[in-house]
Amino acid sequence: MTDNPAATNDVAVSLRARINTGQPHTARIWNYWLGGKDNYEVDRAAGDQIRQLHPGIGEYARADRLFLGRAVRHLVHEVGIRQFLDIGTGLPTADNTHEVAQRIAPESRIVYVDNDPLVLAHARALLTSTPEGRTDYLDEDLRNVDAILEHAAKTLDFSEPVALILLGVVIFIGDDEDPYGLVRQLTDRLPSGSHLVLSHTITSPSMPDVDEAVKFWNEHGTPKLTQRTPQDVTRFFDGLELLEPGVVSCSRWRPQHAHGAEPEEVAMFGGVARKN
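Here the residue numbers are simple positions, counted from 1 along each chain's written sequence. Predicted model: local features are reported for residues with pLDDT of at least 70 only, side-chain atom pairs are reported and counted for 80 or more only, and whole-chain, interface and lining totals are derived from all residues. Values shown for side chains rest on all heavy atoms present in the structure; no hydrogens or waters enter the calculation.

Per an unreviewed UniProt entry, the protein chain goes by the name O-methyltransferase involved in polyketide biosynthesis and belongs to Streptomyces echinatus.

Set out below in structure tokens:
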């Protein structure tokens, strides 16, 4: 159920002029690594080159996606969250936020936000919903907090808890743009009982090939990335109550098969925290 014009064919056609097929784009490369088809030759070539620099990087995309599913399932099933604001949505793939949430609670409401024209062109895949729930899509930039919250209020009730999802999106906010203040602006406007779900590529002395891959990306792709240490990523949760096991490799955040060997660490760290 949606009134958003992003679902119409005319809008999708008009977006073609905004889609740069001559330069690799992170959302399309992510889609390529996840086995999707919404990418171009330039994205596949860059994705392969990055994978040569860091062979395990495709696992980050999968680990991040599985982290999303586990976090959403926990929030719906264990916490009772029924509203999600997913900023930096990326291209639709399997088990999008609304699919995971509405599978458990059909009445769940989800607002997706992204500023990538290709994501907007595919927004109808994100706008499917159970009859009991609702989904909506906003073509907007993470930096425009007021516009996002004003639009989201048409679908979400901000007097009730909301899960704010920021997966792999704050990496596009440079240190000179006050990324911590930006996240705080969003969480400050949410009611008590709301949760923040955030993931971020990290830099670590134990993973030097990640730095090489990011350097290559920033020379050739768009948008540019800012890496941060695990300690820097943890700062995004300041003032909130971090759920166990804290900020860890996305592959190690409450893995479904916790018994046996610990999942291999990836350079995409994430966490979930509660606003009290």
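We are not done yet, so read on.
Colleague: Is there a simple way to think about the packing of helix 4 (residues 57-79) against helix 5 (residues 97-104) in this case?
Modeller: Helix axes use the C-alpha atoms of the stretch in contact, all axes being lines fitted to C-alpha atoms, and the angles between their N-to-C directions lie in the range 0 to 180 degrees. Numbering goes from the N terminus for both helices and strands, where a helix is a DSSP run of H or I of at least four residues and a strand is a run of E of at least two. Viewed as axis vectors pointing N to C, helix 4 and helix 5 meet at an angle of 35 degrees, and their least axial separation amounts to 9 Å. By crossing handedness, the relation of helix 4 to helix 5 is classed as right-handed. Residues Leu68, Gly69, Val72, Arg73, Val76 and His77 of helix 4 form the contact with helix 5, whose participating residues are Thr97, Val100, Ala101 and Ile104. Its residues placed into classes, the contact of helix 4 with helix 5 shows six nonpolar, three polar and one charged. By convention the crossing between two helices is left-handed if the near helix lies anticlockwise of the far one by an angle smaller than a right angle, and right-handed if it lies clockwise. In this description, contact between two residues means that some pair of their heavy atoms is separated by no more than 4.5 Å. When residues are grouped by polarity, Ala, Val, Leu, Ile, Met, Phe, Trp, Tyr, Cys and Pro land in nonpolar, Asp, Glu, Lys and Arg in charged, and all others, Gly among them, in polar.

Colleague: Help me understand unusual backbone geometry in this model?
Modeller: A negative phi angle characterises most non-glycine residues, just as the trans form characterises most peptide bonds. The omega angle of the peptide bond from Glu244 to Pro245 is 5 degrees, so this bond is cis rather than trans. Relative to the elements of secondary structure, Pro245 occurs in the loop between strand 6 (241-242) and strand 7 (248-249). Phi at Asp178 takes a positive value of approximately 55 degrees, unusual for a residue other than glycine. Here Asp178 is to be found in the loop between strand 4 (163-167) and helix 8 (179-188).

Colleague: Could you clarify how one ought to interpret the side chain of Ser249 in this entry?
Modeller: Tracing the backbone shows Ser249 in strand 7. Since its relative accessible area comes to 1%, Ser249 is described here as buried. We call two N or O atoms a polar contact when they sit within 3.5 Å, provided that within protein one can donate a hydrogen and the other can accept it, with sequence-adjacent residues counted only if both atoms are side-chain atoms. Separated by 2.9 Å, the side chain of Ser249 and the backbone nitrogen of Val266 make a polar contact. Contacts of Ser249, omitting those with residues within four sequence positions, involve Glu264, Glu265, Val266, Met268 and Phe269. When accessible area is computed with a 1.4 Å probe and restricted to protein chains, residues below 20% of their type maximum are described as buried, those above 50% as exposed, and intermediate ones as partly exposed.

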